[in-house]
Amino acid sequence: MKVHRTQLELEEIIEGYKTLIEEQKKEIWELKKVSQENEKNKNLLQGYKNVINDLSNKLSQKDS
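Residues numbered from 1 in each chain as written. Predicted model: local features only at pLDDT ≥ 70, side-chain atom pairs only at ≥ 80, totals over all residues. Heavy atoms only, no water.

> Hey, could you go over the overall build of the protein chain for me, with residue numbers and the actual values?
Each helix and strand counted, the protein chain has one helix and zero strands in total. Whereas a compact globule of 64 residues would reach a radius of gyration of roughly 11 Å, the protein chain reaches 27 Å, over 25% beyond that. Taken along the three principal axes of its C-alpha coordinates, the protein chain extends 85 × 20 × 5 Å. Looking at the 64 residues of the protein chain, the share that counts as buried comes to 0%. Looking at the protein chain as shown, the accessible area adds up to about 6,500 Å², and 57% of this sits on carbon and sulfur atoms. Taking the 12 positively charged and 12 negatively charged side chains of the protein chain as two groups, their mean positions are separated by 6 Å. (Helix = DSSP H or I, 4+ residues; strand = E, 2+ residues; numbered from the N terminus. Rg over C-alpha atoms; globule rule 2.2 N^0.38 Å. Buried < 20%, exposed > 50% of the residue type's maximum accessible area, 1.4 Å probe, protein only. Areas by Shrake-Rupley, 256 points an atom, 1.4 Å probe, with all protein chains shown as cover. Lys, Arg positive; Asp, Glu negative; His and termini not counted. Charge placed at Lys NZ, Arg CZ, Asp CG, Glu CD.)

The structure is reproduced here in structure tokens:
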């Protein structure tokens, strides 16, 4: 195993890490977008459930 690395090798390693960090930032951004979309969908679903429950209650009251 090589203990000492040349300046060029170290610079290439650093550039590789920088590229990796940028890719991970993009992935995190995409995951945050998906998470926000999921939260929006949960809120919509809860709203739809409330509307269905309200309509069902109103129908039950009319039938009584």
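Picking up where we left off.
> If you had to explain the environment of K49 to someone new, which residues and values would you point to?
In this fold, K49 is placed in helix α1 (residues 7-63). Accessibility expressed as a relative area gives 43% for K49, which makes it partly exposed.

> Account for a nonpolar patch on the surface, naming residues and giving values.
A grouping of L10, I13, Y17 and L20 is seen on the molecular surface, where their side chains present a nonpolar patch of about 370 Å² in accessible area. Here L10 shows up in helix α1. (Patch = residues over 30% accessible without salt bridge, like charges linked within 9 Å, V, L, I, M, F, W, Y side chains within 5 Å. Salt bridge = Lys/Arg side-chain N within 4 Å of Asp/Glu carboxyl O.)

> So, the pattern of salt bridges: which residues are in play, and what are the values?
For side chains bearing opposite charge, pairing can occur when the charged atoms are close. Tallying each qualifying case throughout the model produces four salt bridges. Between E22 and K25 there is a salt bridge, with its nearest N and O atoms 3.7 Å apart. Of this pair, E22 and K25 both sit in helix α1, separated by three residues, roughly a single helical turn. On the basis of relative accessible area, E22 is assigned to the partly exposed category, the value being 41%.

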